[in-house]
Amino acid sequence: MNTWNNIFWTVAVLFLIAFASCREDFEFSPTTGTLEFSKDTVFLDTVFTNIGSSTYTLKVYNRSDTDIRIPQVGLRRGTESSYRLNVDGVAGNSFENVPLLARDSLFVFIETTFDVGPTGENEFLNTDGILFGETGNYQEVALVTLVRDAIFLYPRTESDGSRETLLLGLDEAGNEIRIEGFVLEDNELQFTREKPYVIYGYAAVAEGSTLSMEAGTRVHFHQDSGILVGNGGSLQIQGSLSADREVLENEVIFEGDRLEPDFSDTPGQWGTIWLSPGSIGNAVEYLTIKNATVGLLVDGDGLLETPTLTLSNTQIHNSSNRNLWARNAKVEALNTIFGNAGAVSLHCNLGGDYVFKHCTIANYWRFGFRNSPTLLIDDAMALPSGQLMTQDLDGASFSNCIIDGNRDVELLFSNQGEGSFNYQFVNCSIRFRDARGDFANNPLYDFENQTLFQNVFLNPSTSFLDVTENNFNLTPDSEILDLGNLETALEIPLDILGNDRTMAPDLGAFELNQ
């Protein structure tokens, strides 16, 4: 008997629940201006003109014990607004009789796209508001977005709807290799600080052309975009020392085109700066490259008679793959920081000729597992066919440099060719903890060999200021202070911040002022 009673009451309860869930005759009272909001102003972070923002969220609360309806939810500027709303899953700019149960809440999602137009202003404050209620009894949440004007460079759209492409060459089967991109016109080769630049696709520098950038230039790259300097082309970046180390007003900065704070340190937002074989006289000073896939991809011409690239007072960090990937190139770098990267921070690949003085090469990658060293030097590269191509390493010279990171072994060599493999480290700190003895009998790592390693300091405490933020300034606790070679320091008397280092030079790009 008890069993049948239990079944009866269970069925009865389920029936009541089903009946209640099907009701559509709830009594809703109009709101009387008592709504509460998760914020009174929604600040949508800075965006470029004509580029959509991220989606932002506003939560609306009914704290009362009464089911209410909101007569109207809509944008103050109505159809003239540049903002877009989505109220509880429904898109639009105006909504009527929106129900809100007692002690419940609803979500409002907000986006914007704004065209600055011919205002003559480089920045424009875009404002509006969301109204809740009815005429004479509205509650309002303000909307504010800073919009920046910019110079947009992008491939043209072909007659068939496809985008303009650049021919990179042929694969082993004779098929064309192309990427979405365009060749910069003569009137597009001088970048200034007046407005930021936003690049879609790859902007190519043609033979005989030079792309120049003055101090203070800002360049933003869309996803899978970058700069390609072709055979006979050149890149000249002429940044200078900034007084404000936060603003970096005189440095040239390359980064992605998402300006929201959530993207400020997101790796892999754009492609690379590619100095292709045959590019000439590339010179970079006071440049910051951040959040690329490969910061700089540098291909040599096979002759190594003149530098493919000279770098000074430059920072490259937060690349999802490599910061500098040089392939059989001739590179000279002074006062340069190669920071955190998803794989190798500095890769001297397929031989070449390299000189690094007062450089900080440190990789404390925090976005996942890293199985590559901070510094990798090799003389080989696998081709798509599976064959191994090798080239001579004419030289890889490091003086007053730091090689550091959060792995035990942060320096690796790979000598697979039969040609020369020359390198030397002078007054450098190197993180190399071979606990298992994997390299004990490998002559490439004979740190007692004075021809290869002179005054090398193994595993000192570098004590950087904040490695997670790519801040590799030294602290007073660092064990690499005053350990630099004075002759090298006299060649580069000022550090990356303009501090004198000619008395007792520290290792790396920064000199600690005590």
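Read on for an overview of the structure. (Residues numbered from 1 in each chain as written. Predicted model: local features only at pLDDT ≥ 70, side-chain atom pairs only at ≥ 80, totals over all residues. Heavy atoms only, no water.)

Membership of the largest hydrophobic core comes to 65 residues, with the highest contact counts inside it found for Phe254, Phe356, Phe398 and Phe425. Examining the composition of this core, we find that five residues originate from one element, strand E29 (residues 322–334), more than from any other. Sequence-distant contacts of Phe254, defined by excluding residues within four places in its chain, comprise Met213, Val219, Phe221, Ile227, Ile237, Trp270, Ile273, Leu287, Thr288, Ile289 and Lys290. Formed by 23 residues, the second largest nonpolar core is a distinct cluster that contains Leu44, Val87, Leu106 and Ile130. (Core = buried A, V, L, I, M, F, W, Y, C linked by side-chain atoms within 4.5 Å. Buried < 20%, exposed > 50% of the residue type's maximum accessible area, 1.4 Å probe, protein only. Helix = DSSP H or I, 4+ residues; strand = E, 2+ residues; numbered from the N terminus. Contact = heavy atoms within 4.5 Å.)

What follows deals with the side chain of Ser53. Counting through the fold element by element, Ser53 comes out in the loop between strand E3 (41–48) and strand E4 (56–62). We classify Ser53 as buried; its relative accessible area is 10%.

Right, let's get into the environment of Phe132. Position of Phe132 relative to the elements: it lies in strand E10 (residues 123–134). On the basis of relative accessibility, which here comes to 1%, the residue Phe132 falls in the buried class. Phe132 sits 32 residues away from Leu100 along the chain, and the two C-alpha atoms are 12 Å apart. Setting aside anything within four residues of it in sequence, one finds Phe132 in contact with Leu35, Phe37, Leu58, Val60, Ile70, Gln72, Val73, Val108, Asn137, Tyr138, Gln139 and Val141.

Taken as a whole and assessed by the stated rule, the structure comprises 17 salt bridges. Across the pair Asp65 and Arg103 runs a salt bridge, and its minimum N-O distance is 3.0 Å. Pair noted here: Asp65 is in the loop between E4 and strand E5 (68–75) and Arg103 is in the loop between strand E8 (94–100) and strand E9 (104–112), with a separation of 38 residues, a long-range link. Take Asp65 and Arg103: they sit in the same class, and that class is exposed. With its nearest N and O atoms 2.7 Å apart, the salt bridge here joins Arg76 to Glu140. With a gap of 64 residues between them, Arg76 in the loop between E5 and strand E6 (83–87) and Glu140 in strand E11 (residues 137–148) connect regions that are remote in the sequence. With relative accessibility at 39%, the residue Glu140 sits in the partly exposed group. (Salt bridge = Lys/Arg side-chain N within 4 Å of Asp/Glu carboxyl O.)

Moving on, we get to the packing of aromatic side chains. Both the distance between ring centres and the angle between the ring planes are used here to describe each pair of aromatic rings. For the coordinates displayed, the defined rule picks out 26 aromatic pairs. Both rings, one in Phe37 and one in Phe132, keep their centres 4.9 Å apart while their planes meet at 45°; by these two values the pair is tilted. Remark: Phe132 occurs in strand E10 and Phe37 occurs in strand E2 (residues 36–37); sequence separation between them is 95 residues. Measuring from ring centre to ring centre gives 5.6 Å for Phe221 and Phe254, while their planes differ by 80°; the resulting arrangement is edge-to-face. Separated by 33 residues along the polypeptide, Phe221 in strand E19 (residues 218–221) and Phe254 in strand E22 (residues 252–256) bring together distant segments of the chain. For Phe221, a relative accessible area of 0% gives the class buried. When its relative accessible area of 0% is taken as the criterion, Phe254 is described as buried. (Phe/Tyr/Trp six-rings, centres within 6.5 Å; stacked < 30°, edge-to-face > 60°.)

So, on to unusual backbone geometry. Outside of glycine, negative phi angles account for most residues, and trans bonds account for most peptide bonds. In this model, Tyr286 sits at a positive phi of 50°, which is unusual for a non-glycine residue. Summarising the element assignment, Tyr286 is placed in the loop between strand E24 (282–285) and strand E25 (287–290). One non-glycine residue with positive phi stands out, namely Asn400, at about 60°. Here Asn400 lies in the loop between strand E36 (393–399) and strand E37 (402–405). A residue is classified by how much of its surface remains accessible, and Asn400, at 0% relative accessible area, is buried.

Bringing the sheet that holds strand E7 (residues 90–92) into the picture now. If you trace the five strands from one edge of the open sheet to the other, you get E2-E4-E9-E6-E7, paired in antiparallel fashion. Edge strands, defined here as strands with exactly one partner in the open sheet, are E2 and E7. As judged from the five bridges shared by E6 and E9, these two strands associate in the antiparallel manner. Within the sheet, the bridge partner assigned to Tyr83 lies in E9 and is Thr112. (Pairing = 2+ DSSP bridges.)

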